[in-house]
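Next come the chains, spelled out residue by residue.
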Amino acid sequence: MNITEFSLRRPVTTLMVFVSMLVVGLIATRMVPMEFMPNITFPGAFVQIPYPNSTPAEVNENIARPIEEVFATISGVEQINSNSGENNAGVMITFKQGNDIDLKAIEIKEKIESIRHQLPDDFEYYQIFKFRDGANATLQLRISSNRDLSDAYELLNRNVQQRIERIPGVGQVELYGVEKKEIRIELDPDRLTQYNIDLNQLSNRLRQSNFSISAGKITDSGMRYMVRPIGDLSTTEEIEELIIAENNIRVKDIAQVKYTSPKRDYARHLDMKYAIGLDITKESTANSVEVVNEVLTEIENINQLPEMQGIEIYEMFNEADGILSSLRELFNSGMIGALLSIIVLYIFLRQISTTLIVATAVPFSLIVTLGFFFFLDISLNILSMMGLMLAIGMLVDNAVVVTENIHRYQRMGYSAWKSAVFGAKEVSVAVTAGTLTSIIVFLPNVVNESFISQHMYYIGMAIIIALIASLVISLTVIPLLASRIKPPEETDKKTIIDKFSFKYAHLLEWFLERRKTSVVFIALLFLSGIIPASFMAVDMFPRVEERQLRLQYNLNAAYTLETVKESVDRIEQYLYENQENFEIESVYTYYTPDYAESTLNLVPDENAKKSVIRIKEEIQEFLPKIAIGRPAFEYISRNSAEQVRVFVQGESMETLEELAEQVEWRLGQLEGFADVRSEAETGSDEIQLTVDHERARNFGLTSSAVAQMVSGSLRGQTVQRIRGTDGEVDVVLAFQDVNRQTLDDLKNLPISIGEQTVKLASLAEFEQSQGAGRIFRENRRTSLGIAINLEGITPEEAREEISKVMDQIAYPTGYSWSYGRSFGMGDDVATTMLFNIFIAFFLIYLIMASLFESLLYPTSVLSCIFFGVVGILWFFFITNTTFDLMAFIGILILMGIVVNNGIVMIDHINHLRGEGLSRREAVIQGGRDRMRPILMTAATTVLGLIPLCIGTTQIGGSGPPYFPMARAIVGGLTFSTVVTLLVLPSIYVILDDIRIWGTRILHGAR
């Protein structure tokens, strides 16, 4: 007894099983977490290393290079990149696919700790950021006010940060733009000289003055007590009274002790007002939409607090909006597609009851899929939603084939029960094999370890679960319901479908009789794909311009924050004076002494009157010039892909800057290359201090001791952390007005030696020069990039032009150039997808060879895939669509669909031949019988994707668009359907002749 017969014999049991699955699915849908992107890890990490008030050369030599060297000993390393600036270093390490980044992050930490003794003594901490798709901020807020918020850390921490941290589901809340207060011990140089205070000894004394330790236990009067000596300092007064030298010299005698905010070296503006940032990241298992809603509700309550009056909180990024907009757009597209599919089914079936029975496969399969999402711990994200959307048009395919075959038996005079059993049984193997082919195309992507495959897992699992559910319902519930209704009555009146079926049979017969004509036609049809392929643009990660512009100020040196602010205010003033004309919604600016950038958020597409390019040109036309930099635009890519970038590599940054300048000029002359700019940075002017070893030795000092005194006095050093009611407070030791000291002040810096004090000028020589800018290294070689924005050409076209220019440049010995990862990633993705397609092709052949018990017949069905690709090429050519990663995904899905139709036809032809029909009669009758279900399944899938095919719906509301994938499926399936109906029977006959000829040869050889 097969599954169909069981469902017919036990109808109540069958319905109860499916009702229970629906109930479980409906309950689970409320529990499936919703998030923007799944928690996908990439085998890479970024190590951020703060080292304030230092030069790029110092950071590179003392921090970045030692860390690079130790990272190179980690197994599985693919690439190590670093950049060293005035205040920090960043090292990015990429591992080969398949490495667990969580384990590698532990190894990274162990390696850094193993060389900590080689790093500077005042090197304090570092941060390791693992690359994850789902680890970005769920909600980004900006806080601004007309009043000064620079000292508002305690206010915002108490009323905003801490309140949001208590919300269930919130993982991390980061407040930046306002600094936590610290205790500053500001030394008076004259007092140091007067009391002959050694700076290094003072620093050590302050470090040792704060303690709380356990000293053991004592017994007294039969009781045991813990002894804990305490030397905690908790107030500025206690620090002032601390004795630090003989004769009761206290801290207050040589310094001022202040509880104040540290000096900021950055600032943010939102709508021309100073802004503070607040990033909120949810816990990995939390529902993004629920967390965001809870946070926004709490913010409404925060706004009602008396202390928060006059302070405004804005949304900069809301992950929940992207999720909900994607849901709405996919739901609307799905509803329109489903409605069109139902209309098509009714046109073919001509019966409302039968149409509704077939249509039940869609909601049932989707609800069951969401139920499995919960048990498999798969969230509802933009990738799994895309899989559900793609599955909608495919879910009725099995139900259509089964229902159509049951009705065929009913029209032949069989009873309702026998029609259901025989009709479902006859096509059960074909629909099962067809479903397996649709599923198996995702197997290479689900099981291998490539980065793309991690994303394809969520798309593939949604389609796999939905298709299995639709197969089960097609072989159980559909026959059960179909056996309870009457088939459409036969009438003498011929419908359009009947007339088309009659003409199709005649055309097929004519085609089969003209073997040479059919062979030539098939060959020309296949070779015609060369024409559109030669004109088609290929770009794995095409840039999609958003209603947003990024204005880089390109500062030519490091300036005071006040000087940069003046230029920022001037540019912002110009933008807001023309706000309506430029269609600007808001302007957000971030700037530091050596960097500034303004993000211009333009009005949404529906309210826009001008294109982004036109607005950019109008802004540039009268953009004010600034003395400290050269403002230039850079588009923001919706898929956050790296822009086209080329590198020159060598050892000397000076030589690389000269080469980069030459490359920048040459590439800037090429058509289609916009905003070409070197990433070289001009270093800050610096005073180079050279310690005289002989003089230092005469005073009993080492060069490192002198350098440490200078570093501590100018940079300042954290000597203590005091725990108070609001957490830990840093105690910083520094000279008074350190940021306003002159060269003379530096020369007069007191250096204590025993019982005497000398000036720094007597131990060192001073020279003023320009220091290095930010230093970049790629795979432990100094490297400098040239960034390029493209307009009107693809990266592949740009690659050829770049190669011509770069090869013409004369490079010094030891210097060379290379492409950026924007090219390498595209090549890697294309290679991975082609390999997956090849494996899927091979697996499909295995399934069909097992189904037909033949090595030759599957070849005829596989030809549908090749003709489907030809259809894609022509459709992309007609619609001027760029072939990208989404189109590759479309090909994978298409492979399973077109093979499904071919299997249904060839299986039926073989079945008819088994019943005694001649090959010619079986081919014509089989084609005629399967024309209706093939056209129905193709039409429902195509019409289900039409809204996405012609729309601009994007992944997550701001990611790459769906339409290349939808057009790939629509174009390939439409073309392949014609091939399946007309060309596939001819290919079947040709291959059958080859089989007969081969069998005759073998018999003759015996």
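Notes on the structure in this doc start here. What you see is a predicted model; the values in this text were computed from it and never measured.

## Describing the overall build of the protein
A count of helical and extended segments in the protein gives 34 helices and 30 strands. Across the 1006 residues that make up the protein, the buried fraction comes to 52%. Summarising the internal contacts of the protein: among those between residues at least 6 apart in sequence, 80% fall at separations of at least 24. Carbon and sulfur atoms make up 54% of the accessible area of the protein, which amounts to about 46,600 Å² in all.

## Points about the environment of Val70
Among the structural elements, Val70 can be located in helix α3 (residues 56-71). Each C-alpha atom of the pair Val70 and Ile112 lies 7.4 Å from the other, and the pair is 42 residues apart in sequence. Leaving out residues up to four positions away in the same chain, Val70 has contacts with Lys111, Ser114 and Ile115.

## Points about the packing of helix α15 (residues 397-411) against helix α32 (residues 885-914)
Between α15 and α32, whose axes approach to 11 Å, the crossing angle comes to 25°. Classified by the angle between their axes, α15 and α32 sit roughly parallel to one another. Between α15 and α32 lies a crossing whose hand is right-handed. Residues Asp397, Asn398, Val401, Arg408 and Tyr409 of α15 pack against Asn900, Val904, His908 and His911 of α32. Grouping the amino acids of the contact of α15 with α32 by side-chain chemistry returns three nonpolar, four polar and two charged.

## Topic: the nonpolar core
By size, the foremost hydrophobic cluster in this structure holds 185 residues, and its most contacted members are Ile164, Leu390, Leu600, Ile619, Ile893 and Met965. With 19 residues, α32 is the largest single contributor of residues to this core. Listed in part, the 32 residues of the second largest apolar core include Leu187, Leu192, Leu206 and Ala255.

## Observations concerning the packing of aromatic side chains
Evaluated as defined, the whole model comprises eight aromatic pairs. Ring geometry for Phe18 against Phe364: centres 5.0 Å apart, planes inclined by 50°, an arrangement best described as tilted. One end of the pair, Phe18, is in helix α2 (residues 11-29); the other, Phe364, is in helix α13 (residues 361-375), with 346 residues separating them in the sequence. When its relative accessible area of 6% is taken as the criterion, Phe364 is described as buried. Measuring from ring centre to ring centre gives 6.3 Å for Phe526 and Phe866, while their planes differ by 85°; the resulting arrangement is edge-to-face. Pair noted here: Phe526 is in helix α21 (residues 515-527) and Phe866 is in helix α31 (residues 857-879), with a separation of 340 residues, a long-range link. Classification of Phe866 by relative accessible area gives partly exposed; the value is 41%. By the ring-pair criterion, three or more aromatic residues cluster together here, those being Phe526, Phe841, Phe866 and Phe867.

## What to know about a nonpolar patch on the surface
A cluster of nonpolar residues, Val12, Leu15, Met16, Val19, Val23, Val24, Ile27, Met31, Phe374 and Phe375, forms a patch on the protein surface that exposes about 910 Å² of accessible area. When contributions to the nonpolar patch are tallied by element, the ones reaching two or more residues are α2 and α13. Sorting elements by how many residues they give to the nonpolar patch places α2 first, with seven residues. When you line up the elements, Phe375 lands in helix α13. We classify Phe375 as exposed; its relative accessible area is 57%.

## Quick word on α32
Taking 1.5 Å as the rise per residue, α32 with 30 residues should run 44 Å; its terminal C-alpha atoms sit 44 Å apart, in good agreement. Taken across its 30 residues, α32 has 26 buried, putting it largely inside the fold. Positive backbone phi, approximately 110°, marks Gly916, located one or two places after α32.

## Considerations on empty space enclosed by the protein
If you walk through the whole model with that rule in mind, you get five cavities of 30 Å³ or more. The computed volume of the largest cavity comes to approximately 50 Å³. Surrounding the largest cavity, Met394, Asp397, Asn398, Thr435, Ser438, Leu467, Ile897 and Asn900 form its lining. Each residue belonging to the lining of the largest cavity can be placed in one class, and the counts come to three nonpolar, four polar and one charged.

## A closer look at the environment of Ser611
By the element assignment, Ser611 lies in the loop between β18 (595-602) and α24 (612-621). Judged by its relative accessible area of 42%, Ser611 is partly exposed. Along the primary structure Ser611 and Arg547 are separated by 64 residues, whereas in three dimensions their C-alpha atoms are 8.6 Å apart.

## As for the packing of α13 against helix α14 (residues 382-392)
Between α13 and α14, the shortest axis-to-axis distance is 11 Å and the interhelical angle comes to 155°. As the angle between them shows, α13 and α14 are arranged roughly antiparallel. At the point where α13 passes α14, the crossing takes the right-handed sense. Listed contacts from α14 to Val362, Leu366, Thr369, Leu370 and Phe373 of α13 are Ser384, Leu388 and Ile392.

## Quick look at the environment of Ala608
Locating Ala608 in the fold gives a position in the loop between β18 and α24. Between the C-alpha atoms of Ala608 and Ile584, which are 24 residues apart in sequence, the distance is 10.0 Å. In this structure Ala608 touches Arg547, Glu583 and Val603, once residues within four positions along its chain are discounted.

## As for the pattern of salt bridges
This structure, assessed with the given rule, holds 16 salt bridges. When the shortest N-O distance is used, the salt bridge between Lys104 and Glu107 registers 3.5 Å. Taken together, the residues Lys104 and Glu107, both in helix α4 (residues 101-114) and three residues apart, mark about one turn of the helix. Lys104 sits in the buried class, given a relative accessible area of 7%. Notably, a salt bridge pairs Glu298 with Arg163, separated by 2.8 Å at the nearest N-O pair. Remark: Arg163 occurs in helix α5 (residues 153-165) and Glu298 occurs in helix α10 (residues 288-303); sequence separation between them is 135 residues. A residue is classified by how much of its surface remains accessible, and Arg163, at 23% relative accessible area, is partly exposed. Salt bridges here are not isolated pairs; linked through shared partners, they connect Arg184, Glu186 and Lys258.

## Topic: unusual backbone geometry
Look at Asp271: it is not a glycine, yet its phi comes out positive at around 55°. Within the element layout of this structure, Asp271 appears in the loop between β13 (267-270) and β14 (273-282). Positive phi, close to 70°, is recorded for Met272, a residue that is not glycine. You can see Met272 is positioned in the loop between β13 and β14. Relative accessible area serves as the criterion here: at 34%, Met272 is assigned to the partly exposed category.

## Some points on the pairing of β14
Of all 10 residues in β14, nine are buried, a share of seventy percent or more. Here six bridges tie strand β5 (residues 139-145) to β14, and the two strands are oriented antiparallel to one another. Note that in β14 the partner of Ser144 across the bridge is Ala275. Judged from the six bridges that link them, strand β6 (residues 170-176) and β14 form a sheet pairing that is antiparallel. Counterpart to Glu174 in the pairing with β14 is Asp279.

## Points about the pairing of strand β17 (residues 584-592)
For β17, the buried fraction is high: seven of the nine residues fall into the buried class. Sheet topology places β13 next to β17; four bridges connect them, and they run antiparallel. If you follow Leu270 over to β17, its bridge partner there is Tyr588. Where β17 meets β18, eight bridges bridge the pair, whose relative direction is antiparallel. Within the sheet, the bridge partner assigned to Tyr590 lies in β18 and is Glu597. Taking the residues that link successive antiparallel strands as the turn, the β17-β18 hairpin has two residues.

Reading the values: the criteria
- Residues numbered from 1 in each chain as written.
- Predicted model: local features only at pLDDT ≥ 70, side-chain atom pairs only at ≥ 80, totals over all residues.
- Heavy atoms only, no water.
- Helix = DSSP H or I, 4+ residues; strand = E, 2+ residues; numbered from the N terminus.
- Buried < 20%, exposed > 50% of the residue type's maximum accessible area, 1.4 Å probe, protein only.
- Contact = heavy atoms within 4.5 Å.
- Areas by Shrake-Rupley, 256 points an atom, 1.4 Å probe, with all protein chains shown as cover.
- Axes fitted to C-alpha atoms, helices over the stretch in contact; angles between N-to-C directions.
- Parallel < 35°, antiparallel > 145°, perpendicular 65-115°, else oblique.
- Left-handed = near helix turned anticlockwise from the far one by under 90°.
- Nonpolar A, V, L, I, M, F, W, Y, C, P; charged D, E, K, R; others polar.
- Core = buried A, V, L, I, M, F, W, Y, C linked by side-chain atoms within 4.5 Å.
- Phe/Tyr/Trp six-rings, centres within 6.5 Å; stacked < 30°, edge-to-face > 60°.
- Patch = residues over 30% accessible without salt bridge, like charges linked within 9 Å, V, L, I, M, F, W, Y side chains within 5 Å.
- Salt bridge = Lys/Arg side-chain N within 4 Å of Asp/Glu carboxyl O.
- Expected span 1.5 Å × (residues − 1).
- 1 Å grid on protein atoms, 1.4 Å probe; cavity = no way out; pocket = protein on both sides within 12 Å on 5 of 7 lines; lining within 4 Å.
- Points joined across faces, edges and corners; volume = space filled by probe spheres on them.
- Pairing = 2+ DSSP bridges.

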